[in-house]
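Structural description and commentary
Residues per chain, in single letters:
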Amino acid sequence: MDFSIGTSSGSSLIENSGSEEDLQALTKRRRTISDPESARRSRLRKKKHLEDLMYQIGELSNRLQSPNENVDANNCETAFERLSLNDN
């Protein structure tokens with residue numbers, strides 16, 4: 001803040017040089033430019049995040065619906081027997 005001090009009939013006056021108003025106007029102008037850009041970037045991030053979540057839902061749904069060839073009752077029993085034999 002730029003202040004100039006003047007005296008008038010023995011009392012001091014503090015006058016604002018106008019730089020504070022200029023700074024506020026500049027800050028407001030920057031904000032009006034950057035706020036829409038920031039909002040646009042935020043919307044794009046949100047959209048990408050939503051797309052990623054939808055993709056993950058699709059992948060998980062496919063995994064639940066498709067039978068896994070590697071896992072069946074016989075394989076589980078065989079694996080359990082191997083573990084039991086290794087423990088002894």
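Since this is a predicted model, take the numbers as computed values, not measurements.

1. Some remarks on a positive patch on the surface
- A cluster of like positive charges, contributed by Arg40, Arg41, Arg43 and Arg45, occupies part of the molecular surface.
- As for its position among the elements, Arg41 is in helix α1 (residues 19-65).

2. Concerning the pattern of salt bridges
- Taken as a whole and judged by the stated rule, the model has 1 salt bridge.
- Lys48 serves as the salt-bridge partner of Asp52, at 3.2 Å between the closest nitrogen and oxygen. Taken together, the positions of Asp52 and Lys48, both in helix α1 and 4 residues apart, correspond to about one turn of that helix.
- Judged by relative accessible area, Asp52 falls into the partly exposed class, the value being 35%.
- Residue Lys48 is classed as partly exposed on the basis of its relative accessible area, which comes to 48%.

3. Thoughts on the confidence of the model for the protein
- Considering every residue of the protein, the mean pLDDT works out to 75; 58% of them sit at 70 or more.
- Element-level pLDDT for the protein is lowest in strand β2 (residues 11-16), with a mean of 46, against a maximum mean of 92 in α1.
- For the stretch residues 1-15, pLDDT sits under 50, and the model shows 19 contacts to residues farther than four places along the chain or on other chains.

4. Some thoughts on a nonpolar patch on the surface
- On the surface, Leu50, Met54 and Ile57 cluster together into a nonpolar patch covering about 310 Å² of accessible area.
- Looking at where Ile57 falls in the secondary structure, it is placed in helix α1.
- A residue is classified by how much of its surface remains accessible, and Ile57, at 49% relative accessible area, is partly exposed.

Rules used throughout
Residues numbered from 1 in each chain as written. Predicted model: local features only at pLDDT ≥ 70, side-chain atom pairs only at ≥ 80, totals over all residues. Heavy atoms only, no water. Patch = residues over 30% accessible without salt bridge, like charges linked within 9 Å, V, L, I, M, F, W, Y side chains within 5 Å. Areas by Shrake-Rupley, 256 points an atom, 1.4 Å probe, with all protein chains shown as cover. Salt bridge = Lys/Arg side-chain N within 4 Å of Asp/Glu carboxyl O. Lys, Arg positive; Asp, Glu negative; His and termini not counted. Charge placed at Lys NZ, Arg CZ, Asp CG, Glu CD. Helix = DSSP H or I, 4+ residues; strand = E, 2+ residues; numbered from the N terminus. Buried < 20%, exposed > 50% of the residue type's maximum accessible area, 1.4 Å probe, protein only. pLDDT = per-residue confidence, 0-100. Contact = heavy atoms within 4.5 Å.

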